[in-house]
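Per-entry structural report
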Amino acid sequence: MNEYTDTETERTFAALPPAQGRGFAQTWWGRAWLKALEDTALDSVQVKAGRRLARAGAVGAVSVRPGRITAVVQDRDGAAHRADVLLAELSDEQWDRFLDMAVERAGHVAALLDRDMPPHLVEDAAAAGIDLLPGMGELEPECDCGAWDHCGHTAALCHQVARLLDQDPFVLLLMRGRAERPLLDALQERSATPGTPTAEPTGVDAAEAYAVGDILPPLPAPAGLPERPGVPPSLDTEAPPAPGIDAAALEFLAARTAAEAHRLLADALRAEAAPETELTMAQDAVRLAAGDPEAVVAVRLADGSGRDREQLSRAVRAWRLGGAAALAVCEEEWAVEGETLARARAALDSAWEEDERPTLRATANRWTVVGAPSQLRLGRDGRWWPYRKEQGRWTPAGGAAQDPATALASVEASGNEEAV
């Protein structure tokens, strides 16, 4: 989050870059904020105009304080207007009820600290008579352009704030009247308040518990990770290799084995490595080819994996973008059905505003943009992979994304980079 001012009563966020290729709100509470704008504004044309201004990066730094958000918004003609949107603060009595509820359910506090706002937190607050999210008519506009209802400037401000809310729901709580630090301090104070005394638990004396440790020798320190993989011995000797032995291929294989061993050790020491499935011979050939072997070795890898040189080149490009998962998306076509298809359609429907959605033609797990050399491929893990048509063949154009609009935008970005 590009934030440059933070006090107990006001937070100011630097202007965000233009939002391209995706909807403004990615979280459910961000979408609820925009729904309140749409329900409040009498003119939907102004809401769309504000969305276009925000998407173009016309909203300046956003100031957030209790009951009000403010920013300077530039029209397309360059004219600047101060836009404000007001939201009623919660009363002290309502905040007391919110704090009591949050202390009783520790998961609510943990979710907020993770910058999440689960639905049950909002539901529990509503049950206690506290409306955290705004409803119809609660986002009150003020703009120096003279509009009495929401204009393009206040609508643009609301769209930009939806992006801030996606990143940090404490922004909403500040609008409702409480900043993050004082709110957390109040929660901690309530949690530390002594309750009903309980019976003193029985246990083992700490000295007795640790005495056993003196019997055992201390564990050795974990091995450190070398800065780089070891260098295999050279096979360049005066003696000719035995018949059927390709010295260059053997040297390359030894070097790649050392590099893979170094990677596995690094994962093990970080204790973050996920279990890996064993690669097939065809997959392992691509992994080896990604190490830039000599031409003669690359030919052998292509032949051994059942690919020609062009197919191996595309496979290597996919591997470098995402390993075995990216390779499977590159070379496998599978039918998307049932619940998986429903989730894919929902992701595509929500990725763009209705008037900005590209026309897509679906074939199995591949969605091709009509009239453009761009394609989205759905992996079995639910991620979207961008592809671009080059010389009549679909080629990987970037890494995976959870959002189809983000993946599609990377196709255009990679095309622009190549054109420079």
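Before reading on, note that the structure itself is shown above.
Just so it is clear, the structure is predicted and the values come from calculations on it, not from any experiment.

Definitions and cut-offs
- Residues numbered from 1 in each chain as written.
- Predicted model: local features only at pLDDT ≥ 70, side-chain atom pairs only at ≥ 80, totals over all residues.
- Heavy atoms only, no water.
- Helix = DSSP H or I, 4+ residues; strand = E, 2+ residues; numbered from the N terminus.
- Buried < 20%, exposed > 50% of the residue type's maximum accessible area, 1.4 Å probe, protein only.
- Contact = heavy atoms within 4.5 Å.
- Areas by Shrake-Rupley, 256 points an atom, 1.4 Å probe, with all protein chains shown as cover.
- Phe/Tyr/Trp six-rings, centres within 6.5 Å; stacked < 30°, edge-to-face > 60°.
- Lys NZ or Arg CZ within 6 Å of the ring centre and 35° of its normal.
- Pairing = 2+ DSSP bridges.
- Axes fitted to C-alpha atoms, helices over the stretch in contact; angles between N-to-C directions.
- Salt bridge = Lys/Arg side-chain N within 4 Å of Asp/Glu carboxyl O.

**Concerning the overall build of the chain**
For the chain, the helix and strand inventory stands at 15 helices and eleven strands. Taking all 420 residues of the chain together, the buried fraction comes to 39%. Here the contacts in the chain between residues at least 6 apart in sequence split such that 64% fall between residues at least 24 apart. Accessible surface computed for the chain: about 23700 Å², of which carbon and sulfur atoms make up 53%.

**With respect to the packing of aromatic side chains**
Geometrically, a pair of aromatic rings is defined through the distance of the ring centres and the angle of the planes. Counted by the stated rule, this structure contains three aromatic pairs. Taking 6.3 Å as the distance between ring centres and 90° as the angle between the ring planes, the aromatic pair formed by W28 and W29 counts as edge-to-face. Given a relative accessible area of 29%, W28 falls into the partly exposed group. Pairing W95 with F98 gives two aromatic rings, centres 5.6 Å apart and planes at 85°, and the pair type is edge-to-face. Of this pair, W95 and F98 both sit in helix α3 (residues 92-104), separated by three residues, roughly a single helical turn. Using a relative accessible area of 1% as the deciding quantity, one classes W95 as buried. One cation-aromatic arrangement involves R377 over Y387; the distance from NZ or CZ to the ring centre is 4.0 Å.

**Digging into the sheet that holds strand β8 (residues 366-369)**
On the basis of which strands lie adjacent, the open sheet formed by five strands has the order β7-β8-β9-β10-β11 and antiparallel pairing. Of all strands in the sheet, those bounded by a partner on one side alone are β7 (360-363) and β11 (393-396). Taking the axes of each pair of neighbouring strands and ignoring which way they run, one obtains an average angle of 30° across the sheet. When strand β10 (residues 384-390) meets β11, the two strands line up antiparallel, connected through four bridges. By the bridge assignment, K389 is partnered in β11 with W394.

**Remarks on the pattern of salt bridges**
One pass over the full model with this rule turns up 23 salt bridges. Among the ionic pairs, R176 bridges to E138, the shortest N-O distance being 3.4 Å. Taken as a pair, R176 in the loop between α7 (170-175) and α8 (180-192) and E138 in the loop between α5 (119-127) and β6 (140-143) lie far apart in primary sequence, 38 residues in all. The exposure class assigned to R176 is buried, which follows from its relative accessible area of 2%. The partner of R181 in a salt bridge is D185, and the shortest N-O contact between them spans 3.2 Å. With R181 and D185 both in helix α8, this residue pair falls four residues apart, about one helical turn.

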